[in-house]
Amino acid sequence: MMFEPFWKKMSDKYNVTIGGGDLMSYFSDGNNVCWFLEPKLGAAIRRLHGVVGNAVTDDRYIVVGTGSSQLFQALLYAFTTLGGPEPVSVVSSAPYYSAYAEVVGFLRSELYKWEGDAYKFNKKGAYIEVVNSPNNPDGTLREAVVMNRTGNGNGKLIYDFAYYWPQFTAITGVADYDNMLFTISKCTGHAGSRIGWALVKDKDIAKKMTEYITISSIGVSKESQFRAAKIIEVVCNGSQNVGSVKSENFFEYGRKILSERWQKLRETIQNSEYLILSKYPQGHCLFSGKLVETLSAYAWLESKDDTKDCNEFLRGLKIIGKSGKICGAHQKFARVNLMCREEEFNQFIERLSATRGKGVINGH
């Protein structure tokens, strides 16, 4: 909702009209592996990654999903559908996105099971590692862990790049991995459209993912795809300063808002008697051509007292957070969303100000 003011300014210029007789068929492109992917959205996605320079799209299949959460499930299915004597272990380095554990365990599948922190995983045999970079909840940049730490080369990797966009971090290179996930909810803020996409190198994996989505939801809403394609067009035109209707650079807008929020948050926390806030590194961004700092979508707060539950402490201030415990971390950590509306963020800062006293900003 942080991006809502930007899109309200654009709404009269980029309205989407869908007639009552439009988009009625299940099918979008029968010749495509992902037969329910609208061609306009596929072209828009390839253009977007070309403009930003954050991911390879050549020789990749695009699989669209109802958010990247469905695509994550589709990849789990694609990797494990042949089955085996034991469920395949799924891991991610802590602190990890709590929904990974929830999704993996929800159906109690015999194909795969959640094994938690990749740094603690020592089993031989097949595994799936999820690499979330920049990471939710702590905003750090991540690489694969298990292969480098144990030498186990039997793993499949899923790269979740939900936050690898210029408003959040420096675009330091073109991601070139076999299985990469993206979502429009973090790219542009349109979480309600429920659109995500995967860039997949292996055709058989893309087919299996398509099979999973076909079985679970018989495709993805065409109305949402149509809207997402138009939204992406606005973002690309603004970044390239082209198009019949001139628009502001969305990524610069998002970075400006986040930068202001992080400055206010640091000023508040640096005098806190109870809390510590991480400091993030800078990197040269290939998109902007500037040296920029990571501006995480979340504040990863740490209690100075290891015996204190940080999330419970925040509750006492009437601040809603997410406990570090469900992210595979210690209870002294908690995550707070910074992508809310302006009035909500200001209330957060006001309530957080009650912790002021002696404090530090911790760089780690």
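Before reading on, note that the structure itself is shown above.
What counts, and at which threshold
Residues numbered from 1 in each chain as written. Predicted model: local features only at pLDDT ≥ 70, side-chain atom pairs only at ≥ 80, totals over all residues. Heavy atoms only, no water. Phe/Tyr/Trp six-rings, centres within 6.5 Å; stacked < 30°, edge-to-face > 60°. Helix = DSSP H or I, 4+ residues; strand = E, 2+ residues; numbered from the N terminus. Buried < 20%, exposed > 50% of the residue type's maximum accessible area, 1.4 Å probe, protein only. Lys NZ or Arg CZ within 6 Å of the ring centre and 35° of its normal. Patch = residues over 30% accessible without salt bridge, like charges linked within 9 Å, V, L, I, M, F, W, Y side chains within 5 Å. Areas by Shrake-Rupley, 256 points an atom, 1.4 Å probe, with all protein chains shown as cover. Salt bridge = Lys/Arg side-chain N within 4 Å of Asp/Glu carboxyl O. Expected span 1.5 Å × (residues − 1). Arc of directions from axis to C-beta. Contact = heavy atoms within 4.5 Å. Polar contact = N/O pair within 3.5 Å; in protein donor to acceptor, adjacent residues only side chain to side chain. Pairing = 2+ DSSP bridges. Axes fitted to C-alpha atoms, helices over the stretch in contact; angles between N-to-C directions. Core = buried A, V, L, I, M, F, W, Y, C linked by side-chain atoms within 4.5 Å. Domains from an automatic or database assignment.

Novice: Hey, could you run me through the packing of aromatic side chains in this one?
Specialist: With the rule as written, the count across this model stands at 28 aromatic pairs. Between W165 and F251, the ring centres sit 6.2 Å apart and the planes meet at 5°, which makes this aromatic pair stacked. Taken together, the positions of W165 in the loop between β5 (155-160) and β6 (179-183) and F251 in helix α9 (residues 250-269) put the pair 86 residues apart, joining distant regions of the chain. F251 carries the same exposure label as W165, and that label is buried. Ring geometry for W300 and F333: centres 5.2 Å apart, planes at 5°, overall stacked. Of this pair, W300 sits in strand β11 (residues 298-303) while F333 is found in strand β13 (residues 333-337), placing the two residues 33 residues apart along the sequence. Across the pair, exposure class does not vary: W300 and F333 are buried alike. The aromatic ring of Y298 is capped on one face by R335, whose charged end is 3.9 Å from the ring centroid.

Novice: Would you explain a nonpolar patch on the surface in this entry?
Specialist: A cluster of nonpolar side chains, contributed by Y26, F27 and I218, occupies part of the molecular surface with about 340 Å² of accessible area. One can find Y26 in the loop between α1 (4-10) and α2 (39-52).

Novice: Would you take a moment to explain unusual backbone geometry for this structure?
Specialist: Of all residues except glycine, most have a negative phi; of all peptide bonds, most are trans. The amide bond that connects A94 to the next residue, P95, takes the cis arrangement and shows omega of -5°. Along the chain, P95 falls in the loop between β2 (88-92) and α4 (98-106). In the segment running from S133 into P134, the intervening peptide bond is cis, with an omega of -10°. Take P134: it is sitting in the loop between β4 (127-132) and α5 (146-150).

Novice: Any chance you could explain helix α7 (residues 203-217) here in plain terms?
Specialist: Since the α-helix packs 3.6 residues into each turn, any two residues three or four apart lie on the same face. With 15 residues, α7 extends 21 Å from end C-alpha to end C-alpha; this agrees with the ideal 21 Å at 1.5 Å per step. Buried within α7 we find I205, A206, M209, T210, Y212 and I213. Viewed end-on, α7 has its buried residues packed into an arc of 160°, placing them on one side of the element. Opposite the buried face of α7, by more than 90 degrees, sit the exposed residues D204 and I215. Close packing links the buried residues of α7 with β1 (61-65), α3 (67-80), β6 and β7 (196-200). The opening residue of α7 is D202, an N-cap whose side-chain oxygen sits 2.8 Å from the backbone nitrogen of D204. Note on α7: the residue one or two positions beyond its end, I218, has a positive phi of about 50°.

Novice: For this particular structure, what's the right way to read the sheet that holds strand β3 (residues 112-117)?
Specialist: Working definition: the strands of a sheet are paired by backbone hydrogen bonds and lie parallel or antiparallel to each other. The strand order β1-β7-β6-β5-β4-β2-β3 describes an open sheet built from seven strands, whose pairing is mixed. In the strand order of this sheet, the two ends are held by β1 and β3, each with one partner. Recorded for the sheet is a direction-independent mean angle of 25° between the axes of neighbouring strands. In the sheet, β2 pairs with β4 via three bridges, with the strands oriented parallel. Bridging across to β4, V91 finds its partner in E129. Sheet contacts for α3: β1, β2, β3, β4, β5, β6 and β7; angle to β6, the most-contacted strand, approximately 160°.

Novice: Whenever I open this one, the nonpolar core confuses me. Can you help?
Specialist: As a rule of thumb, soluble globular proteins bury nonpolar side chains together. Ranked by size, the top nonpolar core spans 109 residues in total, and within it L48, W197, M209 and L265 carry the most contacts. Domain assignment of the residues forming this core places at least three in each of domain 1 (14-240) and domain 2 (248-363). Those residues within four positions of L48 in sequence are excluded, and the remaining contacts are W165, C187, W197, I232, V235, C236 and F251. Grouped together as the second largest cluster of nonpolar side chains are six residues, V91, F121, V145 and V146 included.

Nothing here speaks to function; it is all geometry.
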